[in-house]
Amino acid sequence: MPRIGGSIFKKRALALGLIMLLALVTVLGCGGGKTEKAETAKEEAPAQTEETEKPAKTLKVALLTPGPINDRGWNATAYQGLQMIKEELGAEIAYSEKVAPSDFEEVFRGYASQGFDVIFGHGFQFGDPAMKVAKEFPNTKFIITSTDISQPPNVASLGNSNLEQGFVGGALCALLTKSKIVGSVGGMEIPSIIAYMDGFKAGCKYIDPNVKPLISYIGNFDDAAKGKELALAMIQEGADVINHDADHAGLGVIEAAKEKGVMAVGAISDQNEVAPEVVVNSALSDLSRAYVLIVKDILAGKFEAKCVNYGIKEGTVGLAPWHNWEDKVDQSIKDRMNQLIEDVKNGKLNIADYVEKK
Amino acid sequence: MGNEGLLNFIVSFLATDLRCATPILIAALGLVFIERSGVVNIGVEGTMLIGSLLGVVGSYMFGSVWWGVLTAVAATALIGALFAYFTVTLGADQVVTGTAINILGMGVTTTLNRLIFGLDKSIPPIDTFKVISIPVLSKIPVLGSVLFQQMLPVYVAFLLVPVAHVVLFRTPFGLTVRSVGEHPKAADTVGINVWKIRYATVIGGSCLAGLAGCYLSLGVLSFFIENMVAGRGFIALAAVIFGKYTPLGALLAALLFGAGEALQYRFQALGSGIPYQFMLMIPYVLTVAVLAGFVGKSTPPASSGVPYTKE
């Protein structure tokens, strides 16, 4: 019957139209991923990209992060660094978050061809694509964090010592534990997290060789429920201080500590606010300051294609303030931690001596 | 490990199993009905994600976990209605629409989460599910603390299994759903409104997916983070297929998967030295091996995935 056939055709067309609308809404709704989204982000949130009215050409800085910028950890520190670049140096900024590895090159190219002067790739995984794309855009500086690569004339890297960060976390856990069992939950077994866990074990060993560090991995950085269960299993095994290096999913680890009433040590940013009743302190790894410093160098014409390493000495790794734990933690523990950080700074303590040989 | 140690190990193992199986089971029960009516809904992952966020939003705005559940279920009912409109009324491809729902869920929850809660560091305190101890029963040694000291959604999930079984296989409604899935044209000729039945199962099933999402954000955890469902929707889909499209089968598959998870958490904590990637495989390998070995062939409803149009 032609009449019904016609109506089916109309419905198909309507369905197609609605699916395309749905796709459009989704693209607009997504936080980031592809280059067009940088522009979308600009339209939606003018506060994120401000045209400063300086007569000179405004520096344009872009950031690519592997995860969401509100993870209260690794990706959040990069976003914070970008904000500081905007506020302190008046640069025009843009970012793409949750960039999938398959899109790395295209997003780099997208920003570079839009005339961005500096592009940050927040994580070692951005290294190879950056080195490839950098050859096509000699006027754009590519800066990759958490690695040690460089490629003249325009690829540099910012290394932050995950080993030292883990060492601080492990040492604090070992000082706080009474059961002599501590635990740390990692996101994925990638170089930065492996280095953190090596440092964690070394920190425990340095404080007390009898402390047993338990290490588990979630397998991603999103599954907070899994992070919680892994931490619960550690607590069941007797761990009484729990730590993590799992970004967003690490919040589940802190949730486990909250439920069981054991102490937690946060990671990357100051996580006391997440659960003040259990988060004693955090093993900080904050590159946001390093972000500003390297862009300042670029503005001053002092850019070099090399790896700049940061760590305890430079103040990008360390402890957060004690907040509400100021009076609850023994002075001896606080002194010991301060001493440890001092000793690393003046070279009296060599962390590598305590790292397990593989 | 002494006797007491072993007992503790078993208790915590079983409790973890139930906690891990619950979100998968709730979503899977909804999916059993959806699939039985001949609709393939792979959008359940995105639906769960929306449930997770809206649960937190509802609880945050109205100050009670029940409002959270209500908000989440209402929102996911809408998502279900949207999915049904595309796939049932318009006859769009179900896999494509399901994928769209998943992507939509990811995008919408990310955007809404940031609009409502901002990029703040602190987590807003919200009302969450409390552990409910059933009087008397929770005093039974070992099993009591495992089975009768859980949160409400866990009880609901397990009580829903026999209910779903009876509804699907012992009531006229269940027969109607099954007949629509097997032979919609025959059902139509005896006066059953195929579209209405499919709308009902899709919307109802989506509500259950929303509840499953809520359990993650208001039960297991007390906050929302982006992509927190982390593939549980797809595992629920697998549980339905492995469970031969029956509620009891879905229960077994979910429990088995949960047991694999509980096992790998403990192996990792014990520090066995086995690479953790193998540990992460345990739940999947265990589920596939057991179900492939003992369950045998799983046959979907005859008109699964085929839109019904009157000719």
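Each chain carries its own residue numbering, running from 1 in the direction its sequence is written. Naming scheme: in the order in which they are written, chains are lettered from A and ligands are numbered from 1. Local features are withheld for residues below a pLDDT of 70 in this predicted model, meaning they are given only at 70 or higher, and side-chain atom pairs are given and counted only at 80 or more; totals for whole chains, interfaces and linings count all residues.

Draft legend 1. Representation of the overall build of chain A. Numbered from the N terminus, helices here are DSSP runs of H or I no shorter than four residues, and strands are runs of E no shorter than two. Counting secondary structure elements, chain A contains eleven helices and twelve strands. Burial analysis of chain A (358 residues in total) assigns 54% to the buried set. Residue pairs in contact within chain A that sit at least 24 positions apart in sequence constitute 68% of those at least 6 positions apart. Think of it as a crowd count around each C-beta: if 20 or more other C-beta atoms lie within 10 Å the residue is buried, if 12 or fewer it is exposed, and in between it is partly exposed, with C-beta placed from the backbone throughout. What counts as a contact is two residues whose backbone-derived C-beta atoms lie within 7 Å of each other.

Draft legend 2. Molecular detail of the overall build of chain B. Looking only at helices and strands, one finds twelve helices and two strands in chain B. Taken from the N to the C terminus, the helices and strands of chain B come in the order α-α-α-α-β-α-β-α-α-α-α-α-α-α. Using C-alpha atoms as the atom set, the radius of gyration is obtained and then compared with a globule rule of 2.2 Å times the number of residues to the power 0.38. Here the C-alpha atoms of chain B give a radius of gyration of 20 Å, agreeing with the 19 Å that 2.2 N^0.38 yields for 311 residues. Considered along the principal axes of its C-alpha atoms, chain B spans approximately 70 × 50 × 45 Å. Scored against the burial criterion, the 311 residues of chain B give a buried share of 53%.

Draft legend 3. A look at the pairing of strand β1 (residues 60-64) of chain A. All names here are of chain A. Buried residues dominate β1, accounting for four of its five residues. Sheet topology note: the β1/strand β2 (residues 92-96) ladder contains five bridges and is parallel. For Lys60, the partnering residue across the bridge sits in β2 and is Glu92. A clockwise course of the path from the first strand over the helix to the second, judged with the strands pointing away from the viewer, identifies a crossover as right-handed. Taken together, β1, helix α3 (residues 74-89) and β2 constitute a β-α-β crossover, and its handedness is right-handed. For two strands to be treated as a pair, DSSP must find at least two bridges joining them.

Draft legend 4. Inspection of the domain arrangement of chain A at higher detail. Residues and elements named next belong to chain A. Domains assigned within chain A are domain 1 (35-160 + 288-310) and domain 2 (162-285 + 327-354). Each of domain 1 and domain 2 has a C-alpha centre, and these two points are 29 Å apart. Each partner contributes to the interface: domain 1 provides twelve residues, whereas domain 2 provides 14 residues. If you tally residues by element for the side of domain 1 that touches domain 2, the top one is α3, at four residues. When residue character is reported, Ala, Val, Leu, Ile, Met, Phe, Trp, Tyr, Cys and Pro are called nonpolar, Asp, Glu, Lys and Arg charged, and the others, Gly included, polar. Broken down by class, the residue content of the side of domain 1 that touches domain 2 amounts to four nonpolar, six polar and two charged. Domain delimitation follows an automatic or database domain assignment.

Draft legend 5. Spatial organisation of the interface of chain A and chain B. Taken together, the 39 residues of chain A in the interface contact 39 residues of chain B. Per element, the largest residue contribution to the side of chain A that touches chain B is ten residues, and it comes from helix α1 (residues 2-29) of chain A. Looking at the side of chain A that touches chain B residue by residue, the classes come out as 19 nonpolar, ten polar and ten charged.

Draft legend 6. Expanded view of the sheet that holds β1 of chain A. All names here are of chain A. Taken together, the six strands give an open sheet; going across it, the order is β2-β1-β3-β4-β5-β11, and neighbouring strands pair in parallel fashion. The open sheet is flanked by β2 and β11 (307-310), the only strands paired with a single partner. Strand-to-strand twist in this sheet, taken as the mean axis angle between neighbours without regard to direction, amounts to 20 degrees. The pairing of β1 with strand β3 (residues 118-121) spans four bridges and is parallel. If you follow Leu64 over to β3, its bridge partner there is Gly121. Only the stretch in contact is used when a helix axis is fitted, and all axes are lines through C-alpha atoms; the angle between N-to-C directions ranges over 0 to 180 degrees. Together, β3, β4 (141-145) and β5 (155-160) form the strand contacts of helix α5 (residues 127-134), whose direction differs from that of β4 by roughly 170 degrees.

Draft legend 7. Looking closely at the nonpolar core. Connectivity within a nonpolar core runs through C-beta atoms within 7 Å, and the core itself is a set of buried Ala, Val, Leu, Ile, Met, Phe, Trp, Tyr and Cys residues. Grouped together as the largest cluster of nonpolar side chains are 161 residues, with contacts concentrated most on Ile242 of chain A together with Ala27, Ala28, Ala239 and Ala254 of chain B. Examining the composition of this core, we find that 16 residues originate from one element, helix α9 (residues 194-220) of chain B, more than from any other. Filtering out sequence-adjacent residues up to four positions away, Ile242 of chain A remains in contact with Gly183, Ala231, Met234, Ile235, Val253, Ala256, Ala257, Val262 and Ala264 of chain A. Within the second largest apolar cluster, 42 residues are counted, among which are Ala62, Ile69, Ile119 and Ala134 of chain A.

Draft legend 8. Fine view of the confidence of the model for chain A. Residue and element names in this part refer to chain A. Confidence per residue, as judged by the predictor, is encoded in pLDDT with a range of 0 to 100. The share of residues in chain A with pLDDT of 70 or more is 84%, and the mean pLDDT across the chain is 86. The model gives residues 1-6 a pLDDT under 50, and that stretch makes zero contacts with residues more than four places away or in other chains. Here residues 29-55 is modelled with pLDDT under 50, and outside its nearest four sequence neighbours on either side it reaches 48 contacts, counting other chains as well.

Draft legend 9. Focus on the confidence of the model for chain B. Across chain B, the average pLDDT comes to 91, with 98% of residues at or above 70. Here the predicted complex carries an ipTM of 0.89, next to a pTM of 0.85.

Draft legend 10. Summary view of the sheet that holds strand β9 (residues 263-268) of chain A. Residue and element names in this part refer to chain A. Across the sheet, which stays open at both edges, the six strands sit in the order β7-β6-β8-β9-β10-β12 with mixed pairing between neighbours. Looking along the sheet, the strands with just one partner apiece sit at the ends: β7 (212-217) and β12 (317-319). Each strand of the sheet is rotated relative to its neighbour by a mean of 20 degrees, with strand direction disregarded. Against the sheet, helix α6 (residues 162-176) touches β6 (181-186), β7, β8 (241-245), β9, β10 (279-285) and β12, its axis set at about 165 degrees to β10.

Draft legend 11. Quick look at the packing of helix α1 (residues 3-36) of chain B against α9 of chain B. Residues and elements named next belong to chain B. Two elements in contact, α1 and α9, have axes separated by 7 Å at closest approach and are oriented at 170 degrees. The angle between the axes of α1 and α9 places the two elements in the roughly antiparallel class. Seen from α1, the contacting residues are Arg19, Thr22, Pro23, Ile26, Ala27, Leu29, Gly30, Leu31, Phe33 and Ile34; seen from α9, they are Thr201, Val202, Gly204, Gly205, Ser206, Leu208, Ala209, Leu211, Ala212, Tyr215, Leu216 and Val220. Classifying every residue of the contact of α1 with α9 gives 15 nonpolar, six polar and one charged. Angles are sorted into four bins: roughly parallel if under 35 degrees, roughly antiparallel if over 145, roughly perpendicular if 65 to 115, and oblique for all others.

Draft legend 12. Summary view of α6 of chain A. Counted at 1.5 Å a residue, the expected span for α6 of chain A with its 15 residues is 21 Å, and the 21 Å between its end C-alpha atoms agrees. In terms of residue burial, α6 of chain A counts as a mostly covered element, since 15 of its 15 residues are buried. One less than the number of residues in a helix, times 1.5 Å, gives the span that helix is expected to have.

Draft legend 13. Region of interest: the environment of Glu342 of chain A. Tracing the sequence through the fold places Glu342 of chain A in helix α11 (residues 331-345). Separated by 76 residues in sequence, Glu342 of chain A and Gly266 of chain A have C-alpha atoms that sit 21 Å apart.

Draft legend 14. Structural detail: helix α8 (residues 224-236) of chain A. Residue and element names in this part refer to chain A. Here α8 is 13 residues long and its end C-alpha atoms lie 18 Å apart, about the 18 Å a rise of 1.5 Å per residue gives. A large share of α8 lies buried, amounting to twelve of its 13 residues. Of the positions making up α8, those classed as buried are Ala224, Ala225, Lys226, Gly227, Lys228, Glu229, Leu230, Ala231, Leu232, Ala233, Met234 and Ile235. Taken from the residues just after α8, Gly238 is the one with a positive phi, measuring 110 degrees.

Draft legend 15. Structural detail: unusual backbone geometry. Cis geometry is found at the peptide bond from Pro152 of chain A to Pro153 of chain A, where omega equals 0 degrees. By the element assignment, Pro153 of chain A lies in the loop between β4 and β5. Phi is positive for Lys244 of chain B, which is not a glycine, with a value near 55 degrees. By the element assignment, Lys244 of chain B lies in the loop between α10 (232-242) and α11 (247-270). A positive phi angle, close to 60 degrees, is found at Tyr245 of chain B, a residue other than glycine. Structurally, Tyr245 of chain B can be placed in the loop between α10 and α11.

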